[in-house]
Structures are given as structure tokens and as C-alpha cells.
Amino acid sequence: VIPGWFSEISPMWPGEAHSLKIEKILFQGKSDYQDVMVFQSSTYGKVLVLDGVIQLTERDECAYQEMITHLPLCSIPNPTKVLVIGGGDGGVLREVARYSSIEQIDICEIDKMVVDVSKQFFPAVAVGYEDPRVTLHVGDGVAFLKAVPAGTYDAVIVDSSDPIGPAQELFEKPFFQTVANALRPGGVVCTQAESIWLHMHIIEDIVANCRQIFKGSVNYAWTTVPTYPSGVIGFMLCSTEGPAVDFKHPVNPIDANDSQKSRPLKFYNSEIHTAAFCLPSFAKKVIDAK
Ligand SMILES: NCCCCCc1nc2ccccc2[nH]1
């Protein structure tokens, strides 16, 4: 441990730890589910940490929030009903709210402290909660999805933390089945899907489960987020049987109907959308395996 520095040490990435210089610790608490900390870093703005794992920083959160939201929503013509599982910081809500075609945005976050801390310390992220189309449900995403009528949503976005902790069951097969049931035919899901450098085995299992459950398209995309372990993070993009979805070629350009022209996108664009699905050979071998 280096005084004045935060190091992200975890058994999920043994032998390595990204570190950020701490200017000031702004919040430390313990919710019913996890330790919650916020600190002012020297070079990445404010940082949200759950159980010692970096969840977002002000400097690079745009990459993750924009990609996890626009990869699925630009792949279907007219999203109207969207569900976010996790994502209590509100960043995905901010991005989902850009689509004027959307009428209903539900979010199910298990930890109320994450919501409250985000509103207090990350107002530019939690701004997503201000959209009148948003309804917050505090509770377990699995139970929420089981109670949802079949075929309700055009899109589900699973903005989870990592498999160790409260999000563990969001990486398991039964959860993907409940997501599929809640989606309309040709509906899409996008999940936080770890790092190809660190978690190829987890990704292999997730892809195998998704291939069995989602009979439309199943693709893996990835992007750069400097403050996530190994500097990259991926996404599973799946669609249910029904109207075909080609994730690699967006049909619904975000800029066409962006309701937030005053806050332009910092990261996502249609070229980086297509590029996100290009994988190194060691990952293609596992993910594209027929
Ligand atoms: N080790 C990579 C972690 C990725 C975390 C993504 C993320 N960031 C979040 C912030 C608040 C609530 C849920 C979240 N999920």
C-alpha cells in the first residue's frame, strides 16, 4: 500500500493493481450489500469504488456509459421500452434518455446507497434520474425480471459490477433466461462482460449460455476504459428470435434524434460502434467458435 494512493487489488485480477493518486476521501460507508467509497483523484476526477473495485471515474465514465447504451439502442429502429439492471449511478439512464422514441425507462438497482452517493457526488452522471420517463426500483434484478410480463421490453441493459459480490447471479444462466423472457421478439440485451485480457474463461461460459438462450444474434464487443482492469471492458450483445438484428451496423443513428444536443457524445460514434466488434485472434477463437 502506497500512502495517498488507491490501488485496485482483487482476486479477479491477481498480480496486478491499477492505482490512482488520492487528493481527498469524500465518502466512506457500508450498505447492506457492499463497502462504498468516493474519493477525489488527482487526475481522473471523482471516483466511485465498491468493495475496493473502481466502478466509475468522472474522466472516463463516458466511454463505458455511451458504449453499453448505444451499442444496443442504435442496433434497433425504434426503442420504446428500456430496462436497466444495476447502473445505480444513473449514467446509463442519462444516455438512454437521448432517444426521443423511448417512452418508458425502468431501472432496478439493488443498493440504494449507490443511488444516493451518485446523486450527491456525481451530479453529471446521476442527471439521468431527472428524466420523467425514468422509474427507479430498488431491489434484486433477478426478482424484478421474473415479475415482468413476457415480452415487455425492446432492450435490457445489464450495467453490473463484477461476478464477485452482489452482481454474481447476473452472470449466471438462469438470469439470462429471465432477460430473454422479458424481451419482445427481436429485442436486445447488452451486458457488462469483463475483460478479454483477464476473463476469457468467464466470457467463454457467458457466450455459451447466451448461444443457448438467445436465438437471434450473439456478439461480443469491447472498448477502452483506462481505469478498468487491463484498460478494456467488454459487452455481450444478444437478440431474441424475431426481426433480425445486425449489431455491427447501427440502424438507428443516435445523433438523428438526440434530445440532449446541449451535451454531445464524448466517445461513441458509428465508426467506433462497428470497430468495437473487431476482436484479437485469441478472443475470436473462443467467442466465434462454431
Ligand atoms: N471491474 C469492472 C467494473 C465495471 C463496473 C461497471 C459499473 N459501474 C457502476 C456504477 C454504479 C453501479 C453499477 C455499475 N457498474
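Our subject is the structure listed above.
Notes on the structure follow. Predicted model only: the values in this text are computed from it and were never measured.

### Some remarks on the packing of helix α6 (residues 173-182) against helix α7 (residues 200-213)
Part 1: The contact between α6 and α7 brings their axes to 10 Å, and the two run at 35°. Between α6 and α7 the crossing geometry is right-handed. In contact with Lys173, Phe176, Gln177 and Ala180 of α6, α7 contributes Ile206, Asn209, Cys210, Gln212 and Ile213.
Part 2: Partitioning the contact of α6 with α7 into residue classes produces five nonpolar, three polar and one charged.

### A short note on the packing of aromatic side chains
For any pair of aromatic rings, the description rests on two quantities: the centre-to-centre distance and the angle between the ring planes.
Part 1: Taken as a whole and judged by the stated rule, the model has six aromatic pairs.
Part 2: Plain terms: the ring middles of Tyr64 and Tyr228 are 5.5 Å apart, the flat faces sit at 85° to each other, and that makes the pair edge-to-face. Of the two residues, Tyr64 is situated in helix α1 (residues 61-73) and Tyr228 in the loop between β11 (218-224) and β12 (232-239); the sequence distance between them amounts to 164 residues. Like Tyr64, the residue Tyr228 is buried in the burial classification.
Part 3: Among the aromatic residues, those joined into a cluster by ring pairs are Tyr64, Tyr228 and Phe235.
Part 4: Sitting over the face of the ring of Tyr44, Arg59 holds its NZ or CZ atom 4.3 Å from the ring centroid.
Part 5: Over the aromatic face of Tyr129 sits the side chain of Lys119, whose NZ or CZ is 4.7 Å from the ring centroid.

### Brief notes about the sheet that holds strand β3 (residues 35-41)
Part 1: Read across the sheet, five strands follow the order β1-β2-β3-β4-β5 without closing on themselves; strand pairing throughout is antiparallel. The open sheet has two free edges, formed respectively by β1 (5-7) and β5 (53-57), since each of these has just one partner strand. The average angle at which neighbouring strand axes cross in this sheet is 40°, direction not considered.
Part 2: Bridge count for strand β4 (residues 46-50) against β5 is four bridges, and the pairing is antiparallel. Each residue of the ladder has a partner; that of Leu50, found in β5, is Val53.
Part 3: The strands touched by helix α3 (residues 112-121) within the sheet are β2 (19-30), β3 and β4, with β2 carrying the most contacts at an inclination of about 125°.

### Describing the sheet that holds strand β8 (residues 134-138)
Part 1: Taken together, the seven strands give an open sheet; going across it, the order is β8-β7-β6-β9-β10-β12-β11, and neighbouring strands pair in mixed fashion. The open sheet terminates on both sides in strands that have one partner only, identified here as β8 and β11. Across this sheet, the average inter-strand angle for adjacent strands is 15°, counted without regard to direction.
Part 2: Sheet topology places strand β6 (residues 81-86) next to strand β9 (residues 153-159); five bridges connect them, and they run parallel. Paired with Ile85 across the two strands is Val158, which belongs to β9.

Basis of the calculations
- Residues numbered from 1 in each chain as written.
- Predicted model: local features only at pLDDT ≥ 70, side-chain atom pairs only at ≥ 80, totals over all residues.
- Heavy atoms only, no water.
- Axes fitted to C-alpha atoms, helices over the stretch in contact; angles between N-to-C directions.
- Helix = DSSP H or I, 4+ residues; strand = E, 2+ residues; numbered from the N terminus.
- Left-handed = near helix turned anticlockwise from the far one by under 90°.
- Contact = heavy atoms within 4.5 Å.
- Nonpolar A, V, L, I, M, F, W, Y, C, P; charged D, E, K, R; others polar.
- Phe/Tyr/Trp six-rings, centres within 6.5 Å; stacked < 30°, edge-to-face > 60°.
- Buried < 20%, exposed > 50% of the residue type's maximum accessible area, 1.4 Å probe, protein only.
- Lys NZ or Arg CZ within 6 Å of the ring centre and 35° of its normal.
- Pairing = 2+ DSSP bridges.

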